[in-house]
Amino acid sequence: MTHKNMGHQIRHIVNNVVLIVLGALWLIPAYALLIDGLKTTSGVLATPVLLPAAFSFGAMHIVIDALSRPILNSLLYVLPVAVISTFVGSLAAFYFYKVTSFLNSTIFTIIAIATFVPYQITLVPLIKMVVSLGIFNSTYGLIFAFLIFYLPTGALLMSIFIAVLPRTTLESARVDGASDFTVFRRIVIPLTLPGMISTFIFILIETWNNFFIPLVLISSSSRRTAAVALLSYTGGYGTLYNESFAAAFIASLIPLVIFILLGRYFVRGLMAFGSGAKG
Amino acid sequence: MVKIKLENITKIFGKKGKEFKALDNVSFEIPGSSFYGVLGASGAGKTTVMRIIAGLETPTMGKLYFDDELVAADNKDLVPVETRNVGMVFQNWALYPHLSNYENIAFPLKVRRWTAEAINSRINELAEILGIKEIIHKRPGQVSGGQQQRVAVARALAKNPALLLLDEPFSNLDANSKDDARSLVREVQKSLGVTAVIVSHDPSDIFSLAQEVAVISLGTVGQVSTPEELYDRPRNIKVASTLGEINFVDAQVKKNSGGYSLVIADDVKVKGIDFKGLGNDSADRIKIGIRPEDLMVHKESQTSNLIMGKEWVPMGEFKASSANYSQGNFMVALQDQKATLKINALSREVVNPGDMVELFVNQEKLKFFTLDTGELIPK
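Sequence order as written defines residue numbering, which begins from 1 separately in each chain. As a convention, the first chain written is A and the first ligand written is 1, with the rest following in written order. In view of the model being predicted, local features appear only for residues whose pLDDT reaches at least 70, and side-chain atom pairs are presented and counted only at 80 or more, with totals across whole chains, interfaces and linings using the full set of residues. Side-chain numbers here rest on the full set of heavy atoms in the structure, without hydrogens or water.

A. Quick peek at the overall build of chain B. Here a helix means four or more residues in a row that DSSP labels H or I, a strand means two or more in a row labelled E, and each is numbered from the N terminus. Looking only at helices and strands, one finds 9 helices and 21 strands in chain B. Its C-alpha atoms give chain B principal-axis dimensions of about 75 × 45 × 40 Å. Residue exposure (1.4 Å probe, protein chains only): buried if accessible area is under 20% of the type maximum, exposed if over 50%, otherwise partly exposed. Across the 379 residues in chain B, those meeting the buried criterion constitute 53%. Whether two residues are in contact is decided by their heavy atoms: any pair within 4.5 Å suffices. For chain B, the proportion of contacts with a sequence separation of at least 24, taken over those separated by at least 6, is 66%. A 1.4 Å probe and the Shrake-Rupley method give the accessible areas. Residues count as covered only by the protein chains that appear here. Per element, the accessible surface of chain B, about 17,000 Å² overall, is 47% carbon and sulfur.

B. Seen up close, the domain arrangement of chain B. Residues and elements named next belong to chain B. Domain extents, as shown, originate in an automatic or database domain assignment. Split by domain assignment, chain B resolves into domain 1 (4-242) and domain 2 (247-370). Here domain 1 and domain 2 have C-alpha centroids that lie 39 Å from each other. In what follows, salt bridge is the name for a side-chain nitrogen of Lys or Arg lying within 4 Å of a carboxyl oxygen of Asp or Glu. Our enumeration of links across domain 1 and domain 2 arrives at 1 salt bridge. Among the salt bridges present, the one from K365 reaches D232, with a minimum N-O distance of 3.9 Å. Between N or O atoms, a polar contact is any pair within 3.5 Å; within protein, one atom must be a potential hydrogen donor and the other a potential acceptor, and residues adjacent in sequence are included only when both atoms are from side chains. In this structure, the connection of domain 1 to domain 2 is made through 2 residue pairs in polar contact (both at pLDDT 80 or more). Counting only elements with at least two residues in the side of domain 1 that touches domain 2, the list comes to α7 (227-232) and α8 (237-242). A per-element tally of the side of domain 1 that touches domain 2 places α8 first, with 3 residues. All residues other than Ala, Val, Leu, Ile, Met, Phe, Trp, Tyr, Cys, Pro, Asp, Glu, Lys and Arg, Gly among them, are scored as polar; the first ten of these are nonpolar and the last four charged. Taken together, the residues of the side of domain 1 that touches domain 2 sort by class into 4 nonpolar, 2 polar and 1 charged.

C. Up close: unusual backbone geometry. The residue A:N137 is not glycine, and still its phi comes out positive at about 60°. Secondary-structure assignment places A:N137 in the loop between α5 (123-132) and α6 (139-162). Judged by its relative accessible area of 13%, A:N137 is buried. Although it is not a glycine, B:E168 sits at a positive phi angle of roughly 45°. The residue B:E168 is located in the loop between β8 (163-167) and α5 (175-192) in this model.

D. Spotlight on helix α8 (residues 180-191) of chain A. In this scheme, a helix's expected span is set at 1.5 Å multiplied by one less than its residue total. With 12 residues, α8(A) ought to run about 16 Å at 1.5 Å a step, and its terminal C-alpha atoms sit 15 Å apart, in line with that. Among all positions of α8(A), only A:T182, A:V183, A:F184, A:I187, A:V188 and A:L191 are buried.

E. Layout of the interface of chain A and chain B. In this assembly, 22 residues from chain A lie in contact with 27 residues from chain B. Two parts lose some accessible area (1.4 Å probe) when they are put together, and adding that loss for both gives the buried area. Both faces considered, chain A and chain B share a buried interface measuring about 2,300 Å² in area, 59% of it formed by carbon and sulfur atoms. Linking chain A to chain B there are 3 salt bridges. Between B:R51 and A:E171 there is a salt bridge, and its shortest N-O distance comes to 2.7 Å. One can count 11 residue pairs in polar contact (both at pLDDT 80 or more) joining chain A with chain B. Secondary structure elements with two or more residues in the side of chain A that touches chain B: α7 (167-175) and α8 of chain A. When residues of the side of chain A that touches chain B are assigned to their parent elements, the largest contribution, 7 residues, is made by α7(A). Looking at the side of chain A that touches chain B, its residues break down into 8 nonpolar, 9 polar and 5 charged.

F. View of the side chain of B:K178. As for its placement among the helices and strands, B:K178 is situated in helix α5. One buried charged side chain, B:K178, makes no salt bridge at all; its nearest oppositely charged neighbour is B:D202, positioned 4.1 Å away. Residues counted as positive are Lys and Arg, residues counted as negative are Asp and Glu, and His and the chain ends are not counted.

G. Representation of the environment of B:I132 in the model. Residues and elements named next belong to chain B. Structurally, the position occupied by I132 is in the loop between α3 (116-130) and α4 (145-158). I132 sits in the buried class, given a relative accessible area of 0%. Linking I132 and D355, residues 223 residues apart in sequence, is a C-alpha distance of 50 Å. If we ignore the near neighbours within four places in the chain, the residues touching I132 are I105, A127, Q147, R150, V151 and A154.

H. How the structure looks around the packing of α7(A) against α8(A). Residue and element names in this part refer to chain A. Note on geometry: axes are lines fitted to C-alpha atoms, helical ones only across the stretch in contact, with angles between N-to-C directions running from 0 to 180 degrees. Interhelical geometry of α7 versus α8 gives an angle of 145° and a closest axis separation of 10 Å. As α7 packs across α8, the resulting crossing turns out to be right-handed. On the side of α7, the interface is formed by T169, L170, A173 and R174, while α8 contributes D180, V183, I187, V188 and L191. Among the residues forming the contact of α7 with α8, the class breakdown is 6 nonpolar, 1 polar and 2 charged. Two helices cross in a left-handed way if the nearer one is turned anticlockwise from the farther one by less than a right angle. They cross in a right-handed way if the turn is clockwise.

I. Structural context of the confidence of the model for chain B. Residues and elements named next belong to chain B. On a scale of 0 to 100, pLDDT captures the predictor's confidence in every residue. Considering every residue of chain B, the mean pLDDT works out to 86; 94% of them sit at 70 or more. Ranking the elements of chain B by mean pLDDT puts helix α9 (residues 276-280) last, at 58, and helix α2 (residues 101-111) first, at 95. Of the two predicted TM-score estimates for the complex, the pTM is 0.79 and the ipTM is 0.80.

J. Summary view of the sheet that holds strand β16 (residues 295-299) of chain B. Residues and elements named next belong to chain B. Strands qualify as paired when DSSP identifies two bridges or more between them. Across the sheet, which stays open at both edges, the 5 strands sit in the order β16-β20-β17-β18-β19 with antiparallel pairing between neighbours. The sheet is open, and its two borders are formed by β16 and β19 (342-347), each paired with just one other strand. Averaged over all pairs of adjacent strands, the angle between their axes in this sheet comes to 45°, without regard to strand direction. Pairing geometry for β16 and strand β20 (residues 356-362), over 5 bridges, is antiparallel. By the bridge assignment, K299 is partnered in β20 with V357.

K. Molecular detail of the sheet that holds strand β9 (residues 195-200) of chain B. Residue and element names in this part refer to chain B. Pairing in this open sheet of 6 strands is mixed, and the strands run β7-β8-β9-β3-β10-β11 from one edge to the other. Every other strand in the sheet has two partners, leaving β7 (86-89) and β11 (220-225) as the edge strands with one partner each. Put simply, the sheet's adjacent strands are angled 15° from each other on average, direction ignored. Lying over the sheet, helix α1 (residues 46-54) contacts β3 (35-39), β7, β8, β9 and β10 (212-217), oriented at roughly 150° with respect to β8.

L. Examining the nonpolar core more closely. Judged by nonpolar contacts, the single largest core of 44 residues is most densely connected at B:I105 and B:I132. Per-element accounting of this core gives the leading share, 7 residues, to α4(B). In this structure B:I105 touches B:I123, B:L126, B:I132, B:I136, B:V151, B:A154, B:R155 and B:A158, once residues within four positions along its chain are discounted. Nonpolar cores were defined as sets of buried Ala, Val, Leu, Ile, Met, Phe, Trp, Tyr and Cys residues, with membership established by side-chain atoms within 4.5 Å. By size, the runner-up hydrophobic cluster in this structure holds 40 residues, among which are A:L67, A:V130, A:Y150 and A:I213.

M. Quick peek at the packing of aromatic side chains. Any Phe, Tyr or Trp ring, taking Trp's six-membered ring, that has another such ring centre within 6.5 Å forms a pair; planes under 30 degrees apart are called stacked, those over 60 apart edge-to-face, and the others tilted. For the structure shown, the criterion picks out 13 aromatic pairs over all chains. Between A:F94 and A:F184, the ring centres sit 5.6 Å apart and the planes meet at 35°, which makes this aromatic pair tilted. Remark: A:F184 occurs in helix α8 and A:F94 occurs in helix α3 (residues 58-98); sequence separation between them is 90 residues. With respect to burial, A:F94 and A:F184 carry one shared label: buried. When the centroid spacing of 5.5 Å and the interplanar angle of 90° are considered together, the rings of B:F207 and B:Y231 count as edge-to-face. One end of the pair, B:F207, is in helix α6 (residues 203-209); the other, B:Y231, is in helix α7, and 24 residues separate them in sequence.

Here's what the structure looks like:
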């Protein structure tokens, strides 16, 4: 084996070792959630967190029953928020990319600033607004509130992805006779699909994990979201560790599944982009 | 096919205070069914001209007509880009990377709601003419540059445009595919009878395609005429240098019995020029434009048995300082013996740096310009 080959081999091995170590580190929380969620109440107290004990599906069963409604509630606002923010954000980003003017760059700066405002400080006006619109304690109220915070995020993220599009490709579509909306639908969406999927995933996970906004905007327990329902597993007088582990596992399952499913399209989209025009 | 008329078009980019005038009072007319060239160095404004014709930019001032219809005037687009029925080939071809070549060509037709059969037969027809049948179902990224260029031409022609715009379409091709692409484009234009405009910085693109040329420099039209006319009688120094490599040297005009002689340097003189225009000019100092191909380089040992026409007159002895090979010839940089004058000449034979050579010039091809304004002194 030549010296050069050897160096190559060593680098390859080091890369893999680093990846495996990092992957293992990142998997530890998920692993802990899974095995502790599958322990009995006495088992979880008697064994260390990272070691398995007698298998029991009891905690999982209880938690799935209790969380199925909150998970559905969450899905009902998370999906519309992520879809609308990504789509409207893309439209906005496309417009900002297409039309450059002083007014537009001002608006764009305001949008960028809006994404940095901590939502906690807007709490009082937000609740007042939602109440006066008559959508307090409803899925619509949640969608409305989250759109306020994540439409700018969608526009900002998408304008990063759209900026990569070659201007001449869009102009060429205009010359070919396509209207703005056709250009958006037939050229911009397919070419920025990886970006749209990442934006969608980002907003979905952020919204799913958001605890504070649903806590203040939802008052009845039947409409609780998954993030809020999770809190009920850490009580003030004692915690059922196997159930809270199981609940955390179940609640993080949905974003995880969506990520795994869409991750494939993400890669495929990137490849389509890479095989693009040479010029 | 459509006739284009630009009337006093001015285009200003940028905000107030930081304005940049890309075009200044540009007027010319493109006859229907002709192949028209717009020639200019980079930054001269030629791409802006094309984008205004296509409708991708709006003229700040001035009027643009398609036949007798006003399509854009004074900062307003009256006919938007998508309804101008223009086919355009961009410099980087701007193909849609996510669509196959077939779908690329079909795109303008689908937008126009052609039926699938009509689209299919149109694409087959174009693929036949342009020789892209084999690669029609591949993606643009999977085929060569020359093939991508043909796909771009096919896409531009698919909708039967009234006007075909070519923006530096050959600049990304290697020398061999360039020649093929040029002759293909010329044939297609001729057989379809479509009005075509080519924008390029490369005079060879223009000379091999265009019937009429507008030379643009620094946002203004320098000259409009046929390529031959432009080449032989450029209106001024700017136009002359846009049209290809040219040497400019200062010279003193002296009248003597056999006509005029030009003193370029103490040891560089051209004698026996029969040129009436010079006598009328009061200035005795002028600028001479000499194209490298109008010079002949001979190694000193061979000059005794040369056979040349009488238009070739000797310029004196020069020393070669460097030589580069370009398209079958050597471009030789020459210096006179005092090293005050530098001239580039084309040579068929190998000349090595340091060689002494005898230089001859075709006096009929000499171009004379006034020293102060750089205008051509007509013959």
